[in-house]
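Coordinates in review
Here is what each chain is made of, one letter per residue.
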Amino acid sequence: AGSVLAFLAAAAFGATRAAAPSAGPMIRVGVAVAAEGPLQVRSATGLRILDARTDSLLLTSAGPADLRVARDGDGVGVSPPSGPALTAAVALRFEPAGDEPITLDAIPYRGAMEVFGVDPAGLNAVNELPLEDYLLGVVPIEIGPRDEDELAAVAAQAVAARTYAVAHLRAREEMGFDVFGTVEDQAYGGLAAERPESTEAVRETAGQILMYGGLPIRAMYHSTCGGRTSPVEEVLDRAPARYLRSVSDRAPDGTDYCAASPRYRWVDTVRAADLNGRVREQVERIFGTTASHTGDLIDLRVSRRTPSGRVEALAVRGTRSEFVLERLDIRIALQNEAGRILGSTDFEVVTAADGSIELHGRGFGHGSGMCQWGAIGRARAGQEWQTILATYYPGAELVSVY
C-alpha cells in the first residue's frame, strides 16, 4: 500500500486542514458549481469566516448566523440577508463556531464550506471534509435505503465509492475541488442524506479500497446490468482494465441476481414524431448537421453488437442521410421527453404493428463494473461484501490504506 499512501499524501491539494488519520484524507466536493448566486450560508450556533487563501480569521459570529454570499468584484463578499457587506476576499471559508453544522441553501453539511468566484460571474461552493465523512452522504444515495439482509451490498458500495473518491483526488484541481457532488462523479447529499445502515457500512469498511497494480482501481458501478456486465471499453470511450471485464450475473437457480431491479427489463416506444423531434434534434447536435441534410428520420437498425451483447453501433436512417451512433451517444440520442437518457445499450429494436419502434431493453446504466442491483441480490442470497467485490472487480485486491 506504500504507493497509494504516497498518492494520498500528495492528493489533498486544496485542503487547509488535516483529518484524523482514521478519517482518511480531506476531500473537496463541488456542491455548487458556476452557481448564479447569491448563496445562503447558515449555522444555528455561529460561524467563523476566514480568508481561504491566507487562512486568516475575518469574522466570528457567536450566535445564530444567517448570511448571504455573492460576487464582490473578482472575489466574494458576505453580508446579512439585507444590509451592506461585512467582509470580502478572493475566497471565503466558513467553519462552524459551535456544534451545529453549516447549511448551504438549506442543506446541512459536515466540515467547512469555501466559496469563490468563477468566470464570468458565477460562484463555486466547495465542501471540505474528511473522506470518510463524505462517504456518509454518498453511499445512501448511490445504493438507496436497504434492509438488514442487504447490508453486504451497502458495504460493497461503500468500498467502491471510497475507491472512486481516492482515485479522483485532484482530478478536478483546475476547478478548485476534487469531485462534483453530482452523478458527474458520485451523488452526494450531505448530512440530510445519511442513513444508519450506510453509516454502519462506511464505518465497518473504513480505509479499505480496491487496488490493482499498486494504485486505486477505476471503481465503476451502475444500477442494473440486466444479466451480464460489460468490459469498460465496450460501453465507454475508456481504456480497457483487467478488473472491468464481462461478468455473468446469473444465480445457480438460473435467474439473474439483479432481476429484482425495477429496471431489469423495460420497453421504450419511439414514434415517428419522436424520431423527427427529440431524436433528430440530438442526432443533428451530435453530428453538427441540419434538418435539410438529415431529412426525415424513418428507421433505427442495430448495425453492430459488442461481444457482451450490447449495441455498439446503431444506424439511424433518414430520407437523405444515414448516421451511425456509438456507445453513450446512442443513449443520449434516444432520451425520453423528460431528457432522461435511454436506460442502457442492451436492447432489441422491434417494429410494432402501428409502425412505431419499440426498444426492448435490459438493465440500467453503462453496464461496467459493479451491478448495484446484482450486489443487492447477492447480499440477499447470503454472499459477503468481499465476495461481491471480488466478483464484479475480478483481480482487484482489497487493501486497507488508512
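Within each chain, residues carry numbers counting from 1 in the order of the written sequence. Local features in this predicted model are restricted to residues whose pLDDT is 70 or higher, and side-chain atom pairs enter the listing and the counts only when it is 80 or higher, whereas totals over whole chains, interfaces and linings include all residues. Calculated side-chain values reflect all of the structure's heavy atoms, with hydrogen atoms and water omitted.

In this section: the overall build of the chain. Starting at the N terminus, helices and strands are each numbered in turn, a helix being any DSSP run of H or I of at least four residues and a strand any DSSP run of E of at least two. The number of helices and strands found in the chain is 11 helices and 24 strands. Whereas a compact globule of 402 residues would reach a radius of gyration of roughly 21 Å, the chain reaches 24 Å, a difference of no more than 12%. Its C-alpha atoms put the chain at 70 × 55 × 35 Å along the principal axes. A burial count over the chain gives 54% of its 402 residues as buried. Whether two residues are in contact is decided by their heavy atoms, any of which lying within 4.5 Å being enough. For the chain, the share of sequence-separated contacts (at least 6 apart) that also reach a separation of at least 24 residues comes to 63%. The protein chains shown are the only cover counted for residues, whose accessible areas, like all others here, come from Shrake-Rupley with a 1.4 Å probe. Surface exposure of the chain reaches about 17,000 Å², of which carbon and sulfur atoms provide 50%. The distance from the centre of the 39 positive side-chain charges to the centre of the 52 negative ones in the chain is 4 Å. Within these notes, the globule rule equals 2.2 Å times the number of residues to the 0.38 power, and the radius of gyration is based on C-alpha atoms. Exposure categories follow from relative accessible area, calculated using a 1.4 Å probe and restricted to protein chains: below 20% of the type maximum is buried, above 50% is exposed, and the middle band is partly exposed. By the counting rule applied here, Lys and Arg register as positive and Asp and Glu as negative, while His and the ends of each chain are not counted. Taken as the charge centre is NZ of Lys, CZ of Arg, CG of Asp or CD of Glu, depending on the residue.

The span expected for a helix works out to 1.5 Å for each residue beyond the first. The end-to-end C-alpha distance of helix 4 (residues 151-167), which contains 17 residues, comes to 24 Å, matching closely the 24 Å that a straight helix rising 1.5 Å per residue would cover. Of all 17 residues in helix 4, 16 are buried; the element is thus mostly enclosed.

In this section: the side chain of E95. Take E95: it is sitting in strand 8 (residues 91-96). According to the relative accessible area criterion, E95 is buried, its value standing at 11%. Side-chain polar atoms of E95 contact the side chain of R48, separated by 2.5 Å. Polar side-chain contacts of E95 include one of 2.8 Å to the side chain of R93. Distance and chemistry together define a polar contact, namely a pair of N or O atoms within 3.5 Å, with one atom able to donate a hydrogen and the other to accept it when in protein, and with adjacent residues in sequence counting only for side-chain atoms on both sides.

The buried count for strand 1 (residues 26-35) comes to seven of 10 residues, which makes it a mostly enclosed element. Strands were regarded as paired on the criterion that DSSP finds at least two bridges between them. Where strand 1 and strand 12 (residues 122-130) come together, seven bridges link them in antiparallel fashion. Across the sheet, V29 pairs through a bridge with N127, a residue of strand 12. Across two bridges, the pairing between strand 1 and strand 13 (residues 179-180) is parallel. The residue of strand 13 that forms the bridge with V29 is V179.

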